[in-house]
Amino acid sequence: QVQLVESGGGLVQAGGSLRLSCAVSGRTFSSYAMGWFRQAPGKERELVSGVRRGGTTYYTDSVKGRFTISRDNAKSTVYLQMNSLKPEDTAVYYCAARIGPLTSKSTDFGSWGQGTQVTVSS
C-alpha cells in the first residue's frame, strides 16, 4: 500500500510562487510515474504536470514556462515549483502515483494524496 502526503499549498498573490511537495512511502518510488493534478470548483480534475520514471516531464499548456516538476528518488518525493501564479491556478492540487506509463487520465492513477489547496488572489 503506497501513501502520498502533500504539503506546500497556501494563499499567494498573483505573480507569486509556491512549491508543492509530495512524499511517497510504501513501495519503490522509482517505479512510479508521478502526476500533479488539480481540480477547481465545478471543473474536472486535470493533469497539470507529470514526471515519468526516467525523469522526462509533461506540462499542460497553461502552465508551461511557469511550473517545474521534479523528482528526488533518494527522498521518495516529487515537487511542483509554481511561479508567476495566476488566479486561474486556484484549485485543490493532488499528487498521484501510477505503475506504468504516464497518462493524463486521473482514472489511470491508483494512488492519491489528500490534496492541498492553492489560492491565488488577484
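Read on for a plain summary of the structure. Since we're looking at a predicted model, the values are computed, not measured.

Under the defined criterion, the tally for this structure stands at 4 aromatic pairs. Ring centres of Phe37 and Phe109 lie 5.1 Å apart, and the angle between their planes is 80°; on these two criteria the pair is classed as edge-to-face. Placement of Phe37 in strand β4 (residues 32-39) and of Phe109 in the loop between β9 (91-99) and β10 (111-112) is noted, with a sequence separation of 72 residues between them. Judged by its relative accessible area of 5%, Phe109 is buried. Seen in terms of ring centroids, Tyr94 and Trp112 are 6.2 Å apart; in terms of plane orientation they differ by 80°. Their pairing is edge-to-face. With Tyr94 in strand β9 and Trp112 in strand β10, this pair connects stretches of sequence that are 18 residues apart. On the basis of relative accessible area, Tyr94 is assigned to the buried category, the value being 15%. Of the aromatic side chains, those joined through ring pairs into one cluster are Phe37, Tyr94, Phe109 and Trp112. Looking at Arg71, its charged tip hangs above the ring of Phe29, at a distance of 4.5 Å from the centre.

All right, on to the pairing of β9 then. Most of β9 is tucked away: 7 of the 9 residues are buried. Sheet analysis places β9 next to strand β11 (residues 116-121), joined by 3 bridges and oriented antiparallel. The partner of Tyr93 across the bridge, within β11, is Thr116. The pairing of β9 with β10 spans 2 bridges and is antiparallel. Bridge pairing in β10 places Ala96 opposite Trp112.

Conventions adopted
Residues numbered from 1 in each chain as written. Predicted model: local features only at pLDDT ≥ 70, side-chain atom pairs only at ≥ 80, totals over all residues. Heavy atoms only, no water. Phe/Tyr/Trp six-rings, centres within 6.5 Å; stacked < 30°, edge-to-face > 60°. Helix = DSSP H or I, 4+ residues; strand = E, 2+ residues; numbered from the N terminus. Buried < 20%, exposed > 50% of the residue type's maximum accessible area, 1.4 Å probe, protein only. Lys NZ or Arg CZ within 6 Å of the ring centre and 35° of its normal. Pairing = 2+ DSSP bridges.

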